[in-house]
Structures are given as structure tokens and as C-alpha cells.
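Structure assessment
Now for the letters of each chain:
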Amino acid sequence: MEEKRGQWGSTFGFLMAAIGSAVGLGNIWGFPYKMGKCGGGAFLLVYLLLVIFVGFAVMLGELALGRKYGRGAVGTYAAIAKKWTWVGYMGVASGFFILAFYSVLGGMVLRYMVGFLMQMFGAAGFNNMGGGEFFGHFTTNAGGMLLFYAIFMVLNIIIVAGGIEGGIEKFTKVAMPSLAAILLIVIIYVACQPGAGEGYRYTFVPNFDVLATDFFTVLKTAAGQMFFSLSLGMGCMITYGSYLGKEQNLESNMMIIPIADTCFAIMAAMAVMPACAAFGMDYGAGPGLLFVTLHEVFNVGMGGFIGNLMGFLFYFLVFLAAITSSISLLEVCTAYLIDKQIEKGKDPNRKKLTIMIASIIFVVGIPVALDGIGAGRAGGAAIDIPATLLGITENIPVAVDCWLDFYDCISEGIMMPLGAMIMSIIIGWVLGTKVVADEVAKTPGVVLRAEKVLDICFKFIVPAIMVVVLVAQLQDFF
Ligand code: TRP
């Protein structure tokens with residue numbers, strides 16, 4: 001079975017793949033602006049506590065279950081007990097929806113990267129438009145959005161079809177160190193710009209008033225961010241864990257991955273926010289940060305050759321972060337199909353299965369690419385194009401006015417916290433934390449030292465925090 005499924009070639013390779021999955025748009029885009037908005041250093045403190053008491057436990061739980069049962073999300077839950085299989089399916093479904101919108105965003109990052117590259121060679125990479133104008137122009141251009149979305153998806157297919165060691169590990173082993181190096185260059189360049197200081201202050205100086213007045217909002221923002229950023233709650237780390245050999249130390253991996261992810265998030269904030277401050281851009285711009293504000297920073301603020309070079313480097317690093325994450329989402333779906341083939345006694349054809357599932361996901365993501373990222377019209381081009389073809393000219397009312405938010409809400413907002421909650425209840429109350437400790441101890445010379453603390457995490461802390469997140473999501477929803 002192992003031979004057919006594949007395995008990581010080395011500890012370093014596994015860590016690059018797992019950290020690559022964790023470090024993504026969530027770190028570079030979400031973390032900086034959420035931190036600034038939610039009390040800076042105070043938010044960081046809450047975030048760190050959550051990583052230690054929730055992130056470590058769930059990370060270990062997923063890796064250990066994956067290695068123990070040697071299967072993907074669905075296979076693992078089915079092996080625990082038939083009645084839990086649906087939790088695995090919920091994970092695959094989350095991967096499906098997240099990958100759909102994540103790849104649309106990945107395609108947009110590619111477009112921005114190409115734009116700066118073109119400008120380096122004197123071409124009009126952004127049609128001579130400003131940040132906001134170009135964003136509106138590009139996101140409502142159906143052909144362009146689909147093209148870059150498709151390119152991003154094809155790159156995912158190429159890597160995942162290459163297998164665990166020969167595809168994912170091989171790629172992330174080069175991509176992650178490159179990402180770190182480029183990020184350092186950007187951080188240092190930005191630090192040398194006059195006016196950068198205000199950005200650090202806005203992002204990092206603790207504002208404990210926010211904690212006192214709006215603790216609930218800070219908690220749910222930090223918890224949601226942490227789950228998404230650590231790729232937890234949908235079986236991603238179960239799947240990656242299933243390719244781990246018994247010689248791999250789970251106790252240290254459960255800490256290395258979250259710590260590295262948090263370092264990358266802080267480093268991203270040290271690059272992004274001071275850059276906005278130094279060039280007089282509004283760093284409180286929220287979700288517009290990545291595509292509107294930062295585009296202006298490089299294109300107008302820095303400007304000239306250095307602006308184009310830095311812009312290219314920056315979007316290239318965002319692209320690396322995004323694709324090392326998206327391949328882990330695709331792997332969750334592919335692993336499900338591979339496990340099913342093996343169960344049936346067939347020889348799985350990874351290439352064929354990857355192409356098949358990625359094509360279906362591509363179709364699911366088309367509405368996201370066509371609605372102008374929720375710009376104005378309900379349903380956007382996803383509705384308009386077929387409607388026009390059918391000769392319907394009036395605006396058709398639809399329930400979904402931003403497909404990205406919709407997919408995000410059902411996956412990240414509901415299915416993932418629910419998945420994490422159920423997994424931790426299964427470990428804490430049904431199987432017992434000992435199952436995890438036993439799995440850790442299969443590596444010669446390793447024992448799980450924090451078993452008692454983790455037991456409390458699985459039994460009480462994780463489920464309680466997940467209830468907070470779920471309640472907050474449902475409140476937002478209605
Ligand atoms: N962690 C990635 C980010 O921060 C996104 C991601 C990859 C993810 N795999 C995941 C999120 C699995 C949830 C579950 O951008």
C-alpha cells in the first residue's frame with residue numbers, strides 16, 4: 001500500500017511541504033491587516049496563545065491520525081469508525097471549495113507578477129492604470145481571469161501529478177527557501193525607506209483597549225486566521241501525515257510547522273505594512289491590501305525600475321506561497337481518489353486522477369472568476385454570460401453576490417471549524433489522547449512529553465474555541 005501511495009523522501013522535504021502548505025495567502029494577505037485592525041501586539045498575543053493551546057494539538061492530532069491509518073481524510077475517518085466517514089468527506093469538500101477560490105486568487109497573483117515583469121521591460125503591464133482602476137478592469141475581464149486561473153490550476157496539476165516525493169516535495173524544497181530569501185530582501189529594502197516606522201507601530205504596538213472592549217471579535221478573528229493559516233480542520237495535515245514514515249518525530253513536527261508559519265506571518269507583516277506606510281498608502285485597507293494597495297505601493301510609490309523589480313519579486317513570492325498551499329488542497333482531493341482505487345484493489349493512476357479532480361474543481365471555481373470578485377452585479381458574468389446567450393437581458397436576481405465569500409464561508413467558516421471540533425472530540429473523548437501518544441512513541445526514543453496538557457486541549461480547549469468560532473460565523477451569516 002505504501003508503495004502505491006508514496007512517502008516523503010526526507011524530514012526536510014516533509015517540513016518544506018507542510019510549511020509550504022501552511023504559509024500562503026493567509027499569512028501574507030490576511031495576517032498583516034487583521035493584526036493591525038485587532039490591536040497589533042495584543043492580537044499577536046492572543047494568536048500565539050491559540051497556536052500553543054489549539055494549533056499544536058490539532059496539528060499533532062491530524063499528523064498522528066494520518067500516519068497511524070496511512071490514508072487520506074476520508075480513509076482515516078472511515079478507519080476510526082464507519083459513522084465518522086462523513087467528517088472526512090466534509091474535509092474533501094472543504095478542500096474542493098477552498099481550492100476553487102484560492103486558485104482564482106493565485107491566478108490573479110500571477111497576473112500581477114507578469115504585469116511588473118512586463119514593466120521591467122518597458123511594456124504597459126497594467127494598461128497604464130492605477131491600483132483600484134486596474135483591479136476593477138482586470139476582475140471584470142472574464143477572458144483574463146479565466147486564463148490566469150487556468151494557468152494556475154495547470155501548474156497545480158503538474159506538481160501534484162508528479163507524486164509525493166517526485167512532485168510536491170521536489171517543488172517545495174526549492175520554493176520555500178526561495179520564498180524566505182525573497183521575503184528577507186523585501187523586508188530589508190522596505191526597512192530602509194523613510195517613513196516605514198509608522199507601519200511597524202501600527203502593526204505591532206499592543207493596543208489592549210481593543211482586547212478589553214471587543215475581546216470576542218479579536219478571539220474569533222485570531223482563531224479563524226490560525227486555522228486557515230495552519231491548514232487545519234479539513235484533513236490536509238492528515239493527508240500529509242499519511243506519507244510520513246515511523247522514523248519521523250511527530251512531537252517536534254507538531255511545533256516546528258506552527259512556529260515556522262507564525263514567523264512567516266510576522267515577517268510578512270514586517271514587509272507589507274511598513275511598505276504601505278513609507279509610501280503613504282492606507283494600510284487599513286483590509287482585503288484590498290494585496291491587489292489594490294500594494295500594487296500602488298510598487299507601481300506609484302516606489303515607481304521606476306526598482307518599483308517594478310520589487311513588485312515582481314513581491315508577487316513572485318506571493319505566487320510561491322500560494323501554489324505551495326494550493327497543491328496541498330489538491331492533494332487532499334487526489335489522495336481520496338487514490339485511496340479508493342487501492343481499496344478496490346486497483347493500481348491508481350495518479351496523473352489521471354489528478355487531472356480529473358482538478359478539472360471538476362476548475363469548473364466549480366468558474367463563478368468565482370467571473371463575478372468580478374463580488375463587484376456590483378449579483379452573480380456577475382457567471383450569470384450574465386449564459387443569460388445573454390439565452391437572450392435574457394434584464395438583471396437576474398441571485399442569492400449569491402460574491403462567490404468567493406460564499407465558498408469561503410461554507411468551507412473556512414463552517415465545515416473546517418466543525419471538522420476540527422469533531423476530530424478533537426474523537427481524540428479526546430472517544431479514542432483517548434493515548435492513541436496520539438502511542439503513535440508518537442512509534443519513533444524510537446521519542447515520547448510525547450506534553451500528553452496531559454494535550455489531553456486537556458483535545459477534551460476542552462479546542463472544542464470550546466471551535467464553538468466560539470462557529471457561533472460567531474453563524475451570527476455573521478444571518
Ligand atoms: N494555509 C494556507 C494559507 O495560509 C491555505 C491552506 C492550504 C489551507 N491548505 C489548507 C487552509 C487547508 C485550510 C485548510 O493561505
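Below: a short report on this structure. Bear in mind that the values here come from a model prediction, so they are computed numbers and not experimental data.

1. Some points on the overall build of the protein
A count of helical and extended segments in the protein gives 20 helices and 0 strands. The C-alpha extent of the protein, read off along each of the three principal axes, is 60 × 55 × 45 Å. Expressed as a percentage of its 478 residues, the buried residues of the protein come to 60%. Of all intrachain contacts in the protein linking residues separated by at least 6 positions in sequence, the fraction that spans at least 24 positions is 82%. Looking at the protein as shown, the accessible area adds up to about 17,900 Å², and 68% of this sits on carbon and sulfur atoms. Separation of charge centres in the protein, based on 27 positive and 30 negative side chains, amounts to 10 Å.

2. So, the pattern of salt bridges
Opposite charge on two side chains lets them pair, provided their charged atoms get close. Under the defined criterion, the tally for this structure stands at 11 salt bridges. A salt bridge links E439 to R67; its shortest N-O distance comes to 2.8 Å. Residue E439 is located in helix α19 (residues 434-440), and its partner R67 is located in helix α4 (residues 41-69); the two are separated by 372 residues in the primary sequence. The exposure class assigned to R67 is buried, which follows from its relative accessible area of 3%. For D455, the salt bridge identified is with K459, shortest N-O distance 3.0 Å. Of this pair, D455 and K459 are both found in helix α20 (residues 451-477), 4 residues apart, which corresponds to roughly one turn of the helix. Using a relative accessible area of 21% as the deciding quantity, one classes D455 as partly exposed. Overall, K459 belongs to the partly exposed group, its relative accessible area being 22%.

3. Some thoughts on helix α8 (residues 142-161)
Relative to the 28 Å expected for 20 residues at 1.5 Å per residue, α8 spans 28 Å between its end C-alpha atoms, a close match to the ideal helical length. Residues of α8 that are buried: G144, M145, F148, Y149, F152, M153, N156, I157, I159, V160 and A161. Against α6 (85-120), α7 (131-139), α9 (164-191), α15 (304-343) and α16 (350-370) lie the buried residues of α8. Positioned one or two residues after α8, G163 has a phi angle of 95°, which is positive.

4. Remarks on a positive patch on the surface
Among the surface-exposed residues, K340, K344, K346 and K352 lie close enough to one another that they form a single positively charged patch. Within the secondary structure layout, K352 lies in helix α16. Judged by relative accessible area, which is 55%, K352 ranks as exposed.

5. Here we look at the environment of V440
As for its placement among the helices and strands, V440 is situated in helix α19. The exposure class of V440 is buried, given its relative accessible area of 0%. Put simply, V440 and S252 are 188 residues apart on the chain and 9.9 Å apart in space, counted from C-alpha to C-alpha. With residues near it in sequence (within four places) discarded, V440 still touches L60, R67, L250, E251, V446, V447 and L448.

6. Observations concerning the site of the ligand
Taken together, 16 residues lie around the ligand, and A22, L25, G26, Y102 and F228 are the ones closest in. Between S21 and the ligand, the recorded distance is 3.1 Å, taken from a backbone N or O atom to a nitrogen atom. At 2.9 Å, a backbone N or O of G26 approaches an oxygen atom of the ligand. Those elements that provide at least two residues to the shell around the ligand are α2 (11-22), α3 (25-37), α11 (208-229) and α15. A breakdown of the residues in the shell around the ligand according to their chemical character gives 8 nonpolar, 8 polar and no charged.

7. Thoughts on the packing of aromatic side chains
Here the structure, examined in full by the defined rule, presents 33 aromatic pairs. Ring centres of W29 and F291 lie 5.4 Å apart, and the angle between their planes is 80°; this geometry places the pair in the edge-to-face category. In this pair, W29 sits in helix α3 while F291 sits in the loop between α13 (250-278) and α14 (293-302), placing the two residues 262 residues apart along the sequence. As far as the burial class goes, W29 and F291 line up, both buried. When the centroid spacing of 5.3 Å and the interplanar angle of 35° are considered together, the rings of F298 and F314 count as tilted. Within this pair, whereas F298 is found in helix α14, its partner F314 is found in helix α15, the two being separated by 16 residues in sequence. Clustering of aromatic rings is evident, with ring pairs tying together W29, Y112, F116, F126, F134, F135, F138, F148, F291, F298, F314 and Y315. Positioned over the ring face of Y69 is K68, at 5.4 Å from the centre of the ring. Between the NZ or CZ atom of K459 and the centre of the ring of W429, over which it lies, the distance is 5.5 Å.

8. A look at the nonpolar core
By size, the foremost hydrophobic cluster in this structure holds 173 residues, and its most contacted members are L290, L294, F314 and Y315. Of the residues forming this core, the biggest block, 22 residues, is contributed by α15. Setting aside its immediate chain neighbours within four residues, L290 contacts L25, W29, V109, H295, F314, Y315 and V318.

9. Focus on the side chain of Q248
Inspection of the secondary structure puts Q248 in the loop between α12 (236-241) and α13. In this structure the side chain of Q248 is engaged in a polar contact, spanning 2.8 Å, whose partner is the side chain of T11.

10. Describing the state of the cysteines
Under the counting rule described, the total for this entry stands at 0 disulfides. Just so you know, C38 is unpaired, no disulfide at all, and the nearest cysteine sulfur is the one on C276, 17 Å from it. Since its relative accessible area comes to 10%, C38 is described here as buried.

11. Some details on a nonpolar patch on the surface
A contiguous nonpolar patch, built from L45, L49, I52, F53, F208 and V453 and spanning about 530 Å² of accessible area, is present on the exposed surface. Ranked by the residues each element gives to the nonpolar patch, the list is headed by α4, at 4 residues. Relative to the helices and strands, V453 is located in helix α20.

12. Some thoughts on α14
A large share of α14 lies buried, amounting to 7 of its 10 residues. Every buried residue of α14 is listed here: T293, L294, H295, V297, F298, N299 and M302. Contacts from the buried residues of α14 go to α6, α7, α9, α13 and α15. Positive backbone phi, at 65°, marks G303, one or two positions downstream of α14.

Calculation criteria
- Numbering of residues begins from 1 in every chain and follows the order in which that chain's sequence is written.
- For a predicted model such as this one, the threshold for reporting local features is a pLDDT of at least 70, and the threshold for listing and counting side-chain atom pairs is 80 or more; totals across whole chains, interfaces and linings nevertheless cover every residue.
- Water and hydrogen atoms were dropped before computing side-chain values, which therefore reflect all heavy atoms in the structure.
- Secondary structure elements follow DSSP: runs of H or I of four or more residues count as helices, runs of E of two or more count as strands, with numbering from the N terminus.
- When accessible area is computed with a 1.4 Å probe and restricted to protein chains, residues below 20% of their type maximum are described as buried, those above 50% as exposed, and intermediate ones as partly exposed.
- For this analysis, residues touch if any pair of their heavy atoms sits within 4.5 Å.
- Here the open area of atoms and residues is found with the Shrake-Rupley method and a 1.4 Å probe, where only the protein chains shown may cover a residue.
- When charges are counted, Lys and Arg contribute as positive and Asp and Glu as negative, whereas His and the chain ends are disregarded.
- To locate a charge, the coordinates of NZ of Lys, CZ of Arg, CG of Asp or CD of Glu are taken.
- One side-chain nitrogen of Lys or Arg within 4 Å of one carboxyl oxygen of Asp or Glu is enough to make a salt bridge.
- To estimate the expected span of a helix, count its residues, drop one, and scale the result by 1.5 Å.
- Within the patch definition used here, like charges are joined within 9 Å and nonpolar side chains (Val, Leu, Ile, Met, Phe, Trp, Tyr) within 5 Å, considering only residues with over 30% relative accessible area and no salt bridge.
- We call a residue near a given molecule or strand whenever any one of its heavy atoms falls within 4 Å of it.
- Whenever a nitrogen or oxygen atom comes within 3.5 Å of another N or O atom, the pair is scored as a polar contact, on the condition that within protein one atom can donate a hydrogen and the other can accept it, and that pairs from neighbouring residues in sequence are kept only if both atoms are in side chains.
- Three classes are used, and their members are as follows: Ala, Val, Leu, Ile, Met, Phe, Trp, Tyr, Cys and Pro are nonpolar, Asp, Glu, Lys and Arg are charged, and the others, Gly among them, are polar.
- Under the pairing criterion, centres of Phe, Tyr and Trp rings, with the six-membered ring standing for Trp, must be within 6.5 Å; the plane angle then separates stacked pairs below 30 degrees from edge-to-face pairs above 60, leaving the rest tilted.
- Our definition puts a charge over a ring when NZ of Lys or CZ of Arg is within 6 Å of the ring centre and also within 35 degrees of the ring normal.
- In this description, a nonpolar core means a group of buried Ala, Val, Leu, Ile, Met, Phe, Trp, Tyr and Cys residues linked to one another through side-chain atoms lying within 4.5 Å.
- In this description, a disulfide is simply a cysteine sulfur pair whose atoms lie within 2.5 Å.

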